[in-house]
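Examining the three-dimensional arrangement
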Amino acid sequence: MQDGDYVLLTISDTGEGMDEETQRRVFEPFFTTKEVGRGTGLGLSMVYGIVKQSQGTVQVESQPGAGATFRVYLPAASEAPPPPPPGENQSLYGSETLLLIEDDESVRDLLAGMLRQRGYRVLQARDCDDALQALASAPGSVDLVISDVIMPGINGPEAARRLRAIEPGLRIMFVTGYSSEDLELRGLQDQGSVTLEKPFDLDTLSRAVRQSLVRS
């Protein structure tokens with residue numbers, strides 16, 4: 001970490017804690033100690049990526065049976081940021097209704113919070129069945145579906161096909177921790193939708209959402 005002034009955010013829990021080996025791998029994409037189908041291991045990896053993109057760092061302290069403490073260091077601004085160019089700020093905000101499908105609760109809550117910061121109304125679903133229920137309960141009210149690609153059970157592209165069977169022409173955007181090459185090999189690419197690779201920052205997410213919303 002470079003010298004300078006930082007803002008420190010400390011988060012502690014009283015959970016099971018982690019041994020040294022788990023702490024060494026805790027920020028790796030797809031590393032998880034959860035059972036199969038209970039999580040993808042992308043939550044902390046995504047947080048770490050966003051913090052590093054902001055020239056910050058994350059430290060973790062933990063012991064088995066003694067919970068864990070995460071310290072997030074972010075560079076402190078020395079002055080207020082300059083105003084955005086005309087039209088730039090407006091292009092990162094919206095008021096549409098988004099349906100977010102993500103099986104990992106921590107990632108889902110993080111993304112929902114980021115989107116609400118930009119003015120969107122966000123409906124949350126943990127899987128395809130949840131999303132189908134949300135769409136059926138409010139027909140015609142969802143402007144864009146944002147879905148993870150790899151999920152337990154029904155994957156993102158298949159969920160998109162089922163949702164479009166109810167509402168043809170429904171706009172759908174994908175987020176994923178996999179590369180485009182890997183998705184192509186797995187046959188999981190949707191050529192008609194924007195796909196955003198994790199990790200990403202708030203502005204990148206906002207631009208992808210606006211790009212998806214203006215697609216015909």
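Up top is the structure.
Residues numbered from 1 in each chain as written. Predicted model: local features only at pLDDT ≥ 70, side-chain atom pairs only at ≥ 80, totals over all residues. Heavy atoms only, no water.

**Some thoughts on the overall build of the protein**
Scanning the protein for helices and strands turns up seven helices and eight strands. By the burial criterion, 41% of the 216 residues in the protein qualify as buried. Of the contacts formed within the protein by residues at least 6 apart in sequence, a portion of 66% connects residues at least 24 apart. When the accessible surface of the protein is split by element, carbon and sulfur atoms take 48% of a total near 12300 Å². (Helix = DSSP H or I, 4+ residues; strand = E, 2+ residues; numbered from the N terminus. Buried < 20%, exposed > 50% of the residue type's maximum accessible area, 1.4 Å probe, protein only. Contact = heavy atoms within 4.5 Å. Areas by Shrake-Rupley, 256 points an atom, 1.4 Å probe, with all protein chains shown as cover.)

**Some details on the pairing of strand β5 (residues 121-125)**
Looking down a regular strand, the side chains alternate between one sheet face and the other. When strand β4 (residues 97-101) meets β5, the two strands line up parallel, connected through five bridges. The residue of β5 that forms the bridge with leucine 100 is glutamine 124. For the crossover that starts at β4, traverses helix α3 (residues 105-117) and ends in the parallel β5, the hand is right-handed. (Pairing = 2+ DSSP bridges. Right-handed = clockwise from strand over helix to strand, strands pointing away.)

**Points about the side chain of glutamine 23**
Relative to the assigned elements, glutamine 23 resides in helix α1 (residues 20-25). Residue glutamine 23 is classed as buried on the basis of its relative accessible area, which comes to 18%. With sequence-adjacent residues up to four places away left out, glutamine 23 is seen in contact with Met18, Val60, Glu61 and Ser62.

**Notes on unusual backbone geometry**
Within the chain, glutamine 55 stands out as a residue other than glycine whose phi angle is a positive 65 degrees. Relative to the helices and strands, glutamine 55 resides in the loop between α2 (43-53) and β2 (57-62).

**Some details on the sheet that holds β2**
Spatially, β1-β3-β2 is the arrangement adopted by the three strands of the open sheet, whose pairing is antiparallel. At either end of the open sheet lies a strand with only one pairing partner, and these are β1 (6-13) and β2. On average, each strand axis in the sheet is tilted by 15 degrees relative to the strand beside it, whichever way the strands run. Both β1 and strand β3 (residues 68-75) contribute to a ladder of eight bridges, which runs antiparallel. When the sheet's bridge partners are listed, threonine 10 is paired in β3 with arginine 71. (Axes fitted to C-alpha atoms, helices over the stretch in contact; angles between N-to-C directions.)

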